[in-house]
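Chain by chain, the residues run as shown.
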Number of protein chains: 2
Amino acid sequence: MKKLINAVDTVLAESLDGFAAAHADIVTLGTDRLFVRRKTLKPGKVALLSGGGSGHEPLHAGFVGHGMLDAACPGQVFTSPTPDQMAAAVAAIDQGKGTLFIVKNYEGDVMNFEMAADMTETPVKLVVVDDDVAVEKSTYSIGRRGVAGTMIVERIVGAAAEQGAALDEAQALGKDVNARTRSMGVALTSCTVPAAGKPTFQLAEDEMEMGVGIHGEPGRRRVKLESADAIAAEMMGAILDDLAPKSGSEAILLVNGFGGTPSMELYLMCNAANKILAGRGVKPIRTLVGSYVTSLEMAGCSLTVSLVDDKLAKLWDSPVHTAALRWGM
Amino acid sequence: MKKLINAVDTVLAESLDGFAAAHADIVTLGTDRLFVRRKTLKPGKVALLSGGGSGHEPLHAGFVGHGMLDAACPGQVFTSPTPDQMAAAVAAIDQGKGTLFIVKNYEGDVMNFEMAADMTETPVKLVVVDDDVAVEKSTYSIGRRGVAGTMIVERIVGAAAEQGAALDEAQALGKDVNARTRSMGVALTSCTVPAAGKPTFQLAEDEMEMGVGIHGEPGRRRVKLESADAIAAEMMGAILDDLAPKSGSEAILLVNGFGGTPSMELYLMCNAANKILAGRGVKPIRTLVGSYVTSLEMAGCSLTVSLVDDKLAKLWDSPVHTAALRWGM
C-alpha cells in the first residue's frame, strides 16, 4: 500500500487536523473531532448536517460553510459515523429552528442518522439522497445509492436555508432536488482503504466496472475498457432515460472524478457528455468539473445531471463559501 | 493504458473543448485552439500570458480569468507550446501596455517563449519561475525547474496587473515572488503520457522518487517509502534551508497533489508541514490544499512555501475568478 500516511489508525485524525488548520477561516473541529462545524453559525437559521464515511473528500467536510452545510460528521474510511457524533453536532449547530439531515442512501448511514434523530430534543427531518441509476440495490444499500448528486442537494438546500427557509421547506426542497438528480459512475481502477491495506476489488488491465459505487461496490457489469464517448453514452443514456427530460430542459452537469483521474480526462468526458445532452435537447446551464465526491485514489468518474428551473438555478448561484466550493464571496 | 479518452491524437482538443464549454463564462478558445483566452479582457491592462505542456491541469488554462492570466497556451502533453501559439495569444490579449510572459524554467518553454517575444510588436517581458529546490539542474532544465510555485507567481502578479501595475512593475513583482517561493515534490507512482502509452518511469511497490519533477523527471534519489512526517521533513527542510526565513515570517503554504493523490493524504501532509513550519517559527497565513499543478495521474505531492509581506498577502487575497481558483467574486 502506497500512501502518504504515518500510521493507519491516525490517518483520519491527522487529515482532519490539517483540514481544520488550512480552512480555519471557515470551519472549526468539534471536541474529539466528532464533527467539522461551520466557524460562524448564523443565528435563527435551520441547521444542515451531513456526514458519512471518510474517503469521499471533499464530500462532506469540504462543503461546510456559508450557503451549504453547518456541520459534517466524518466516519472512518468508508464507514458510517456514529449516532453520538451526529447528536454532538446537532447540539453544536442547532439554532432553535430544527436540523435537516442530508444522508446518502446506505443502510449504515440511514440507520445511524435515524438513531441520532431520535436522540435529539430539537426537531429533525431527513432527506435521503439516492441519485445513482446504475443499480436498484447494492452491497450497502436498499434501493439506489446516494452518490455525487448529494453535493447538489447540499448546495441548493444550503442556499435556501441561508436565505431563511423553514425546516419543512428545506426538507421538501431537498426531496425535490434529489428527484431531479441522477448519476452514474465508472471505475478504471480500484482503491485501497488504509485499514485494509489492499485494493477493495481487482480489475484487469483492460477492464472497467460500469456503474461502480463510491466504495468500489459492483455496478452493472465488468466489461472491457471502451472509448470515452461510449462510456459517456451508456452513463448519460441511463441517466436521461430515467429522468426523461423534456427537450429544452435546463440542467446542472457535474463531471466528477473519483480521486485518481486527471483533469484532462474529466474535461474530455465533459465534452462527450455535452454532445449527448445536445442530442437530447438538454442545456447544461451550469457545469462543474472536478473531484468532488471521491473514492480515495480510484480512477474513473461519474456523471450527474440535475434538472433545474430558474428558482433552483438562482439558489445554485447564490454565494457559497466552503473549502471545496466557493463563489460570490 | 487505462484512460478516459477516444483517441490519443484528439485528447487535447476534446479536453480543451470541454474546458471551454464548462467555463464559457470565464474563457474562450482561440482559433485552432492555439490558446485559452480570458473572455472579457480589461482595457488598458498589462496582459499576462503563460502556458506550457498539457497534463499539469489546472495549470495553466485553469488560471485564466479576472485577477490572474489573460491567456494560456497549451502544448501537447508534457511538450512546450510553439512560438506561433504565443504570438497568436499576444495578438489577442495585448492592450497596448505590453505583455508579461510567465514561464516555467524548462529549456523548451523558455526558448519558445523567447522566440515568441522576438516575433511580437508589443513590448514583452519575461518572468522565469524556478522554484524547485530538489535539484540544481534536470532532464529538461538548465538550473532549477519551475513547478507549483508558478501558480503563486501567476496569482500575485495577476492581482497587481488587474490593479493597474505597469509592465516593468509586474515583471519586478514576478521576480520578487519567485525569489520568495520554493517547492519540492515526491512521487509514489509514475504517470502515463497518452501518446507514449506506457508509464514514464517505473517505481517498485515500496519505492518513491524524492524530489521528482512534474514530468516524472528524476529527483534527488529513489528510496523506500517513508512516513508522511519523514517525507514532509525532508521536503520542508530543503525548502526552508534554502529560503532561510527569519523566525516570525509569514507564508503562503501550498500542498499540491500531482493528480492521483486522495484529498485525505494531502490534508495529512498539510498537517505534517504545519508542524515543521511551527518548529521554524514560520506562520502559514494562507493555505491552499489541492491538485493544482499536476502530472496527469501521478500519485504524490509537492510542498511550496512562499514568504509574503502584507502587500503580497493583500494581492493574494484580492478577487480572482478562474476555473480553478476563485474568491471575492
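Definitions and cut-offs
- Residues numbered from 1 in each chain as written.
- Chains lettered and ligands numbered in written order.
- Predicted model: local features only at pLDDT ≥ 70, side-chain atom pairs only at ≥ 80, totals over all residues.
- Heavy atoms only, no water.
- Helix = DSSP H or I, 4+ residues; strand = E, 2+ residues; numbered from the N terminus.
- Rg over C-alpha atoms; globule rule 2.2 N^0.38 Å.
- Buried < 20%, exposed > 50% of the residue type's maximum accessible area, 1.4 Å probe, protein only.
- Contact = heavy atoms within 4.5 Å.
- Areas by Shrake-Rupley, 256 points an atom, 1.4 Å probe, with all protein chains shown as cover.
- Lys, Arg positive; Asp, Glu negative; His and termini not counted.
- Charge placed at Lys NZ, Arg CZ, Asp CG, Glu CD.
- Least-squares fit on C-alpha atoms with pLDDT ≥ 70 in both.
- Domains from an automatic or database assignment.
- Buried area = accessible area lost by both parts, 1.4 Å probe.
- Salt bridge = Lys/Arg side-chain N within 4 Å of Asp/Glu carboxyl O.
- Pairing = 2+ DSSP bridges.
- Polar contact = N/O pair within 3.5 Å; in protein donor to acceptor, adjacent residues only side chain to side chain.
- Nonpolar A, V, L, I, M, F, W, Y, C, P; charged D, E, K, R; others polar.
- 1 Å grid on protein atoms, 1.4 Å probe; cavity = no way out; pocket = protein on both sides within 12 Å on 5 of 7 lines; lining within 4 Å.
- Points joined across faces, edges and corners; volume = space filled by probe spheres on them.
- Axes fitted to C-alpha atoms, helices over the stretch in contact; angles between N-to-C directions.

- As annotated in an unreviewed UniProt entry, chain A is Dihydroxyacetone kinase subunit DhaK from Dongia sedimenti.

**What to know about the overall build of chain A**
Right, so step 1: Helix and strand content of chain A: eight helices and 14 strands.
Right, so step 2: Compactness check: chain A gives a C-alpha radius of gyration of 19 Å against a globular reference of 20 Å for 329 residues, within 12% of the reference.
Right, so step 3: Each principal axis of the C-alpha atoms in chain A carries an extent, and together these give about 50 × 50 × 35 Å.
Right, so step 4: Looking at the 329 residues of chain A, the share that counts as buried comes to 65%.
Right, so step 5: The contacts in chain A between residues at least 6 apart in sequence include a share of 73% that link residues at least 24 apart.
Right, so step 6: On chain A, roughly 11100 Å² of surface is accessible, and the fraction owed to carbon and sulfur atoms is 52%.
Right, so step 7: Charge-centre separation for chain A: the mean point of 31 positive side chains lies 4 Å from the mean point of 39 negative side chains.

**Concerning the relation of the copies chain B and chain A**
Relating one copy of the chain to the other takes a rotation about an axis and a shift parallel to that axis.
Right, so step 1: Of the transformation superimposing chain B on chain A, the axial component is 0.0 Å and the angular component is 180 degrees, with the fit at an RMSD of 0.0 Å. The superposition operator between the copies reduces to a two-fold rotation axis. If distances are taken from each C-alpha of chain B to the rotation axis, the shortest is found for Gly260 of chain B, at 2.0 Å.
Right, so step 2: The residues that chain B uses at the interface reappear at the interface of chain A in 100% of cases, marking a shared surface.

**Focus on the domain arrangement of chain A**
Residue and element names in this part refer to chain A.
Right, so step 1: For chain A, the assigned domains read domain 1 (8-180) and domain 2 (181-309).
Right, so step 2: Each side of the interface is counted separately: domain 1 has 33 residues, and domain 2 has 38 residues.
Right, so step 3: Between domain 1 and domain 2, roughly 2800 Å² of surface is buried when both sides are summed, and carbon and sulfur atoms account for 63% of that area.
Right, so step 4: Taken together, the links from domain 1 to domain 2 amount to two salt bridges.
Right, so step 5: Note that Arg180 is salt-bridged to Asp309, the shortest N-O span being 3.6 Å.

**Notes on the pairing of strand β12 (residues 300-307) of chain A**
Residues and elements named next belong to chain A.
Right, so step 1: In terms of burial, β12 is a largely internal element, eight of the eight residues being buried.
Right, so step 2: Judged by which residues are buried, β12 turns out to be covered on both faces: Gly300, Ser302, Thr304 and Ser306 on one side and Cys301, Leu303, Val305 and Leu307 on the other are all buried.
Right, so step 3: The pairing of strand β10 (residues 250-257) with β12 spans seven bridges and is antiparallel. Residue pairing across strands places Leu253 opposite Val305, the latter belonging to β12.

**Points about the interface of chain B and chain A**
Right, so step 1: Taken together, the 55 residues of chain B in the interface contact 55 residues of chain A.
Right, so step 2: For the pair chain B and chain A, the summed buried surface comes to about 4500 Å²; carbon and sulfur atoms form 62% of the total.
Right, so step 3: Between the two partners, chain B and chain A, sit two salt bridges.
Right, so step 4: Where Lys3 of chain A meets Glu265 of chain B, a salt bridge forms, and the shortest distance between an N and an O atom there is 3.7 Å.
Right, so step 5: Linking chain B to chain A there are 20 residue pairs in polar contact (both at pLDDT 80 or more).
Right, so step 6: Tallied by class, residues from the side of chain B that touches chain A come to 27 nonpolar, 16 polar and 12 charged.

**Remarks on the layout of surface pockets**
Right, so step 1: In this model, the second largest pocket occupies a volume close to 1300 Å³.
Right, so step 2: Along its surface, the second largest pocket is lined by 43 residues, and Thr189 of chain A together with Thr189, Ser190, Glu205 and Glu297 of chain B are the ones closest to its centre.

**A closer look at empty space enclosed by the protein**
Right, so step 1: All chains considered together, the criterion is met by three cavities of 30 Å³ or more.
Right, so step 2: As a volume, the largest cavity reaches approximately 190 Å³.
Right, so step 3: For the largest cavity, the lining is made up of 19 residues, of which Leu16, Glu57, Leu59, Ala61 and Pro74 of chain A are closest to its centre.
Right, so step 4: At the level of elements, α1 (11-22), β3 (47-54) and β4 (71-77) of chain A together with α7 (263-280) of chain B are the ones that each hand at least two residues to the lining of the largest cavity.
Right, so step 5: Class assignment for the residues of the lining of the largest cavity results in 10 nonpolar, eight polar and one charged.

**Quick word on the sheet that holds strand β10 (residues 250-257) of chain B**
Residues and elements named next belong to chain B.
Right, so step 1: Taken together, the six strands give an open sheet; going across it, the order is β9-β8-β7-β12-β10-β11, and neighbouring strands pair in mixed fashion. Among the strands making up the open sheet, the edge pair consists of β9 (221-224) and β11 (283-290). Averaged over neighbouring strand pairs, the angle between their axes works out to 20 degrees when direction is ignored.
Right, so step 2: Across four bridges, strand β8 (residues 207-210) lies against β9 in antiparallel orientation. From the neighbouring strand, Met208 faces β9, where its bridge partner is Val223.
Right, so step 3: Seen against the sheet, helix α4 (residues 149-162) touches β7 (181-187), β10, β11 and β12 (300-307) and runs at an angle of roughly 125 degrees to β10.
Right, so step 4: Lying over the sheet, helix α6 (residues 228-243) contacts β7, β8, β9 and β12, oriented at roughly 155 degrees with respect to β7.

**Focus: unusual backbone geometry**
Right, so step 1: Looking along the chain, the bond that leaves Leu59 of chain A and enters His60 of chain A is cis, with omega of 0 degrees.
Right, so step 2: Relative to the assigned elements, His60 of chain A resides in the loop between β3 and β4.
Right, so step 3: The amide bond that connects Glu57 of chain B to the next residue, Pro58 of chain B, takes the cis arrangement and shows omega of 10 degrees.
Right, so step 4: Here Pro58 of chain B lies in the loop between β3 (47-54) and β4 (71-77).
Right, so step 5: A positive phi angle, near 50 degrees, is found at Ala244 of chain B, a position not held by glycine.
Right, so step 6: Inspection of the secondary structure puts Ala244 of chain B in the loop between α6 and β10.

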